[in-house]
Amino acid sequence: MKANTKSGKLTGLSEKSSDIILVVICTIILFIVAYPLYYVLIASVSNPYDVYAGKTFLLPSQFTLDGIT
Amino acid sequence: MSRSKTAAARPVSQPGGGSLKKRLLDNWQLYAMLLVPVVLTIIYKYIPMYGIQIAFRDYKASRGFMGSEWVGLEWFSRFFSAPTFGRMIKNTVLLSFYSLLWGFPIPIILALMMNQLRFQKFKRVTQTVLYAPHFISTMVICGMIRIFLSPSGGLINLIAGTSVDFLTESGAFRTIYIASGIWQDAGWGIIVYMATLSNIDTSLYEAAKVDGASLFQRILHIDIPELTSIMVLNLIMSAGGLMNVGFEKVWLLQTDLNKATSDVIAVYVYQQGIENAKYSYSTAVGLFNTVINIILLIAVNKIAGRISEDTSFI
């Protein structure tokens, strides 16, 4: 316990706050890597005209399986 | 028990002991196993190299490799005086140099960061998602890049509120190539670093904690020294491919308007050799590229050998 508080003083960060910062950074990286993959997935089941016009972001627009079948 | 006894009774003969013939006979199983890769390498890598001679000949398909006329270094001098020669060398070197400069440290930083994550489940999910893009083929990646950068409704243009066609801007080509390369392969690159980090003795961390070392001090004095040898190894490996920028990706992203930065030797070899059927000329260009690459590899290996003794190959 003593060692923990000591290290906390030296960094100016407690173990907990450094954990939170790490998780936030990793979540941002996770989002950057995963979003293009997700985008390809929803673009494949959307209306192609909406994809070209840039209207497809978070959910497939006008769901269709024409691109897959 | 009896197995270990027989193993002890017939020890594998030490290297350097006895005559060559005796050593061959004693370890013939090992040499038989070694024979397979050696024969495969000779058949598929070394024998086809006799075709390199057409770089010094005026190759005519009707006269064959051996029958064509010798022309000496004519193809090389033609390449050196080609109008795009300087541009191609510059683009090839810069593209791979910047790829290495940005692409090399990022997996290390990611691995050091993820190693500190204490929520095992989150760590595993992050790692899996990070290396998922590695399995997408180059062709599909380039299609994705085109969609994201499209001037009408591409995501980047929507966020920035502009309508720039990035693929026709020669200034943007290197950034596109390198950023997408990092997006695709950084996650794959961290695997080897994570494996090394997970092998570090935890008592080192505990001792450092008791001594009052902060998180950054622990990374700086425990993690990074443990990673040095694998980092040098990775650097040598990437130096081996320094002049071989991925032909496919450059070719797929190349447009007439961004040629000022996207014209590289690999694409030129393809265009001259396959599209224009100048076999001798493109062989000479490819050979030149390979020779430069070997020189670079040996140089990096020598430098790396000075940094750490045990990771030098040649």
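Residues numbered from 1 in each chain as written. Chains lettered and ligands numbered in written order. Predicted model: local features only at pLDDT ≥ 70, side-chain atom pairs only at ≥ 80, totals over all residues. Heavy atoms only, no water.

Trainee: It is not clear to me how the interface of chain A and chain B should be interpreted in this structure. Could you clarify?
Mentor: Bring the parts together and some accessible area is lost; that lost area is often taken as the interface size. Contacts between the two partners involve 27 residues from chain A, matched on the other side by 30 residues from chain B. When chain A packs against chain B, the two sides together hide about 2500 Å² of surface, and 78% of this comes from carbon and sulfur. Considering only the surface of chain A that becomes buried against chain B, Leu22(A), Leu30(A) and Val33(A) emerge as the three largest contributors, covering 20% of it. One can count 1 salt bridge joining chain A with chain B. Linking Arg118(B) and Asp19(A) is a salt bridge whose minimum nitrogen-to-oxygen distance equals 2.5 Å. Taken together, the links from chain A to chain B amount to 2 residue pairs in polar contact (both at pLDDT 80 or more). Among the elements of the structure, helix 1 (2–11), helix 2 (15–44) and helix 3 (48–52) of chain A are those that each provide at least two residues to the side of chain A that touches chain B. The dominant element in the side of chain A that touches chain B, judged by the number of residues it contributes, is helix 2 of chain A, at 18 residues. Residues that form the side of chain A that touches chain B fall into these classes: 20 nonpolar, 5 polar and 2 charged. (Contact = heavy atoms within 4.5 Å. Buried area = accessible area lost by both parts, 1.4 Å probe. Salt bridge = Lys/Arg side-chain N within 4 Å of Asp/Glu carboxyl O. Polar contact = N/O pair within 3.5 Å; in protein donor to acceptor, adjacent residues only side chain to side chain. Helix = DSSP H or I, 4+ residues; strand = E, 2+ residues; numbered from the N terminus. Nonpolar A, V, L, I, M, F, W, Y, C, P; charged D, E, K, R; others polar.)

Trainee: Before we go on, may I ask you to explain the pattern of salt bridges in this structure?
Mentor: Opposite charge on two side chains permits pairing when their charged atoms draw close. All names here are of chain B. All told, the structure shown has 6 salt bridges over all chains when counted by the stated rule. Across the pair Lys22 and Asp26 runs a salt bridge, and its minimum N-O distance is 3.3 Å. Highlighted residues: Lys22 and Asp26, both in helix 2 (residues 20–26), separated by 4 residues, approximately one helical turn. On the accessibility criterion, Lys22 (47% relative accessible area) is partly exposed. (Buried < 20%, exposed > 50% of the residue type's maximum accessible area, 1.4 Å probe, protein only.)

Trainee: What am I meant to see in the packing of helix 7 (residues 105–116) of chain B against helix 11 (residues 173–198) of chain B here?
Mentor: The description of two packed helices rests on the angle between their axes and on the distance between the axes. All names here are of chain B. At a closest axis distance of 8 Å, the pairing of helix 7 and helix 11 adopts a crossing angle of 55 degrees. When the axis of helix 7 is compared with that of helix 11, the two are oblique. Classified by chirality, the crossing of helix 11 by helix 7 is right-handed. Residue-level contacts link Ile106, Pro107, Ile108, Leu110, Ala111, Leu112, Met114 and Asn115 of helix 7 to Ile182, Ala186, Gly189, Ile190, Tyr193, Met194 and Leu197 of helix 11. Grouping the constituent residues of the contact of helix 7 with helix 11 by class yields 13 nonpolar, 2 polar and no charged. (Axes fitted to C-alpha atoms, helices over the stretch in contact; angles between N-to-C directions. Parallel < 35°, antiparallel > 145°, perpendicular 65-115°, else oblique. Left-handed = near helix turned anticlockwise from the far one by under 90°.)

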